[in-house]
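Overview (structure and organization)
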Amino acid sequence: MKSSISYRVFSQINIVFLSILALVCILPLVHVLALSFSNNSSAAAGLVKLWPVGFTTSAYEFILRKPEFLNSIVVTLQRVGLGTVINLLLTLLVAYPLSKESSVLKFRTQYAWIFVFTILFNGGLIPWYMTIKWTGIMDTLWALVLPGAVPVFNVILLLNFFRGVPKELEESAALDGAGHWTTLWRIYVPLSTPAIATVTLFTIVGHWNSWFDGLILMKVPEHFPLSTYLQTILVHIDLTSMSGKDFEMLRDVSDRTAKAAQIFLGALPIVVVYPFLQRYFVKGIVLGSVKG
C-alpha cells in the first residue's frame, strides 16, 4: 500500500515537473512567434509577451518576397536530401565493420580511435577551407555535403547499436550463405530502425541549421542555403537594391521582429518533422548507448 501511494505521489510530481519543463521549452518559441507578428514600435518597446501586439506580417513579407529566399529553400532541400543519403550510407558502411570483434576485423580498435581522434582534434578553419578549394568543389552543392560526409558521432551511436544485435542471427545467415553485404542490409538495417531514425534526425537538423559553411564556401547569394540566407539578410541589408515598397515595409520591420521571423522559419520544418521521429528517438539513444 505504501509503495502504491509512493508511486502515485511520484507520478504526480513527475507529471508536474515534466509539464513545467515542457512549458519552459515551448514558451520561448511562442514568444518568438508572437514577436514576429508584432509591429516595430511594440517590439521595440518590449510590449510583446505571448501574443502579438499590433498584428502585422511585414517581417515575413520582407523576408519571403525576395527571390533569393526561394532559391535558398531549393538549395537547402537539395542539401538535406543529398547530404542525408550520403551521411546515412557512409555511417552504415563504417559502423558495421567497426561493430565486429577484433578477431573478425583486425586492428578494429585502432580504426575506431582514428575516427574518435577526428572528434577531439581538427586541422582548423584555414586547412579545411584550402582542402575544399583545392578539390575544385567550391561554390557547389558538394562543398556543403562532402566535408562532413562521415559524422563520427552517428557512427559511434550506430555501431554500439549494431553490437547489441544477437550474434545468432548473423551466424544463422552465414550458414545460409549470406555474406557481410547481405547481412548488413537484410538483418542489421531492418533491426536498427530506431537507431537509424535517430541519426537521420541528427543529420537533417545538422544540415538544415548549418549556415557558416554556406557563408564561407558559396560565392553568390543564389547558392546560399536557407540558414545562411536568413542570417545574411539582417547583417547586410543592401539599401541600394530596395524598391519603394521595400522601404515602406522596412518601416514596420525592426531588427527584433525580422530576427524572430528568421528563427521561426528556420525552426518550423524541424518542429514539423520531429514528432514523426520522436518515438524512435529515445529508444535509439538508449539502446545505442548501453554497449561498450
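Keep in mind it's a predicted model, so treat the numbers as computed, not measured.

A tally of helices and strands in the protein chain yields 15 helices and zero strands. Here the contacts in the protein chain between residues at least 6 apart in sequence split such that 74% fall between residues at least 24 apart. With an accessible surface of roughly 17,100 Å², the protein chain has 70% of that area assigned to carbon and sulfur atoms.

So, about the pattern of salt bridges. Summed over all chains, the structure comprises three salt bridges. A salt bridge links E101 to R163; its shortest N-O distance comes to 3.7 Å. With E101 in the loop between helix 4 (67-98) and helix 5 (108-120) and R163 in the loop between helix 8 (152-162) and helix 9 (167-175), this pair connects stretches of sequence that are 62 residues apart. Using a relative accessible area of 40% as the deciding quantity, one classes E101 as partly exposed.

Take the environment of H31 next. Along the chain, the position of H31 falls in helix 1 (residues 2-36). A relative accessible area of 25% means that H31 is categorised as partly exposed. Those residues within four positions of H31 in sequence are excluded, and the remaining contacts are V48, K49, L50 and R256.

Fine structural detail should not be taken from predicted coordinates in areas where pLDDT scores are low. Looking at the protein chain, pLDDT values average 82 and 86% of them are 70 or higher. For the stretch residues 288-292, pLDDT sits under 50, and the model shows eight contacts to residues farther than four places along the chain or on other chains.

At a closest axis distance of 10 Å, the pairing of helix 8 and helix 11 (residues 193-209) adopts a crossing angle of 175°. One element, helix 8, and the other, helix 11, form an angle in the roughly antiparallel class. Contacts from F153, N154, L157, L158 and F161 of helix 8 reach helix 11 at P194, A195, I196, T198, V199, F202 and T203. Taken together, the residues of the contact of helix 8 with helix 11 sort by class into nine nonpolar, three polar and no charged.

A surface patch of nonpolar side chains, about 730 Å² in accessible area, is lined by L125, I126, M130, W134, W211, F212 and L215. Of all the secondary structure elements, the ones that give two or more residues to the nonpolar patch are helix 6 (125-134) and helix 12 (212-217). The element contributing the most residues to the nonpolar patch is helix 6, with four residues. Here L125 shows up in helix 6.

Before going further, it helps to examine the side chain of T203. By secondary structure assignment, the location of T203 is in helix 11. With a relative accessible area of 6%, T203 lands in the buried category. Look past the residues within four positions of T203 in its chain and what remains in contact with it is G83, T84, N87 and N154.

Right, let's talk about the packing of aromatic side chains for a bit. Scanning the entire structure with this criterion turns up eight aromatic pairs. On the numbers, 4.8 Å between centres and 35° between planes, the contact of F37 with Y60 is tilted. Here F37 is found in the loop between helix 1 and helix 2 (40-44), whereas its partner Y60 is found in helix 3 (residues 58-64), with 23 residues between them in sequence. Y60 gets classed as buried once you look at its relative accessible area, which sits at 10%. On the basis of an interplanar angle of 50° and a centroid distance of 5.9 Å, the ring pair of F153 and F202 is categorised as tilted. Here F202 lies in helix 11 and F153 lies in helix 8, a separation of 49 residues in the sequence. By relative accessible area, F153 is classed as exposed at 52%.

Parameters and conventions
- Residues numbered from 1 in each chain as written.
- Predicted model: local features only at pLDDT ≥ 70, side-chain atom pairs only at ≥ 80, totals over all residues.
- Heavy atoms only, no water.
- Helix = DSSP H or I, 4+ residues; strand = E, 2+ residues; numbered from the N terminus.
- Contact = heavy atoms within 4.5 Å.
- Areas by Shrake-Rupley, 256 points an atom, 1.4 Å probe, with all protein chains shown as cover.
- Salt bridge = Lys/Arg side-chain N within 4 Å of Asp/Glu carboxyl O.
- Buried < 20%, exposed > 50% of the residue type's maximum accessible area, 1.4 Å probe, protein only.
- pLDDT = per-residue confidence, 0-100.
- Axes fitted to C-alpha atoms, helices over the stretch in contact; angles between N-to-C directions.
- Parallel < 35°, antiparallel > 145°, perpendicular 65-115°, else oblique.
- Nonpolar A, V, L, I, M, F, W, Y, C, P; charged D, E, K, R; others polar.
- Patch = residues over 30% accessible without salt bridge, like charges linked within 9 Å, V, L, I, M, F, W, Y side chains within 5 Å.
- Phe/Tyr/Trp six-rings, centres within 6.5 Å; stacked < 30°, edge-to-face > 60°.

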